[in-house]
Amino acid sequence: MKDKRVLIIDDQMDFGFLMEAFFAHKGSTVFLANSMSEGLRILQEEAPDFTFLDNNLPKGFGWSKAEFIQASYPQTQLILITAKEFSKTSSTFRMLYKPFLKDELRKMFP
């Protein structure tokens, strides 16, 4: 993960700070956004390699922008985050379910 750019779009500041610490320790540059509009701005300006997108954001569902993000920013790998497990998930997106252990992140991002 060294020299990778990671964007975390999540309104829970503590979660963002924990993710930032994990990826910064691996040598990544981390950007935090607590709203969809801020996240889209950072996507355009910074072109991250990975984008973590929370579903439940204050002004709607983050996942409603998932297809737009994939089409508009193909350089980023999109990982959807949720606290609710869904029975039907798309094979198009990687999923990360809250709460998770650091070991799960280590497996995804060695």
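Okay, so let's go over this structure. (Residues numbered from 1 in each chain as written. Predicted model: local features only at pLDDT ≥ 70, side-chain atom pairs only at ≥ 80, totals over all residues. Heavy atoms only, no water.)

## Here we look at the overall build of the chain
Our working rule: Only DSSP runs of H or I covering at least 4 residues are called helices, and only runs of E covering at least 2 are called strands; the numbering of each starts at the N terminus. When a residue's accessible area, from a 1.4 Å probe over protein chains only, is under 20% of the maximum for its type it is buried; when over 50% it is exposed; and in between it is partly exposed. Note on definitions: a residue-residue contact is assigned when non-hydrogen atoms from the two residues lie within 4.5 Å. Where accessible areas are quoted, they stem from the Shrake-Rupley method and a 1.4 Å probe; at the residue level, only the protein chains shown are allowed to cover.
Secondary structure assignment for the chain yields four helices and seven strands. In the chain, buried positions account for 41% of the 110 residues. Here the analysis covers contacts within the chain between residues at least 6 apart in sequence; of these, 60% occur between residues at least 24 apart. Split by element, the accessible area of the chain, about 6,600 Å² in all, is 51% carbon and sulfur.

## Let's talk about the environment of Ile8
Here Ile8 is to be found in strand 1 (residues 5–9). Owing to a relative accessible area of 1%, Ile8 belongs among the buried residues under this scheme. Along the primary structure Ile8 and Ile81 are separated by 73 residues, whereas in three dimensions their C-alpha atoms are 9.8 Å apart.

## What about the packing of aromatic side chains?
Here is the rule we go by: In this analysis, rings of Phe, Tyr and Trp, with Trp reduced to its six-membered ring, are considered paired at centre separations within 6.5 Å, and the interplanar angle assigns stacked below 30 degrees, edge-to-face beyond 60, and tilted for intermediate values. Think of it as a cone above the ring: NZ of Lys or CZ of Arg counts as a charge over the ring if it is within 6 Å of the ring centre and within 35 degrees of the ring normal.
One pass over the full model with this rule turns up three aromatic pairs. With a centroid separation of 6.4 Å and 80 degrees between ring planes, the pair formed by Phe68 and Tyr73 is classed as edge-to-face. Residue Tyr73 is classed as buried on the basis of its relative accessible area, which comes to 13%. Aromatic rings pair up to connect Phe22, Phe23 and Phe52 into one cluster. For the cation-ring pair, Lys65 lies above Phe68, with the distance from its terminal atom to the ring centre recorded as 5.9 Å.

## Considering helix 2 (residues 36–46)
Rules: Along the arc lie the directions from the helix axis toward the C-beta atoms.
Those residues of helix 2 that fall on the buried side of the exposure criterion are Met36, Gly39, Leu40, Ile42 and Leu43. Buried residues in helix 2, looked at end-on, bunch into an arc of 160 degrees, giving them a common side. In helix 2, the exposed positions that point more than 90 degrees away from the buried face belong to Ser37, Gln44 and Glu45. Those residues of helix 2 that are buried lie in contact with strand 1, strand 2 (29–33), strand 3 (50–54), strand 4 (56–57) and helix 3 (66–72). With its phi angle positive at about 45 degrees, Ala47 sits one or two positions after the end of helix 2.

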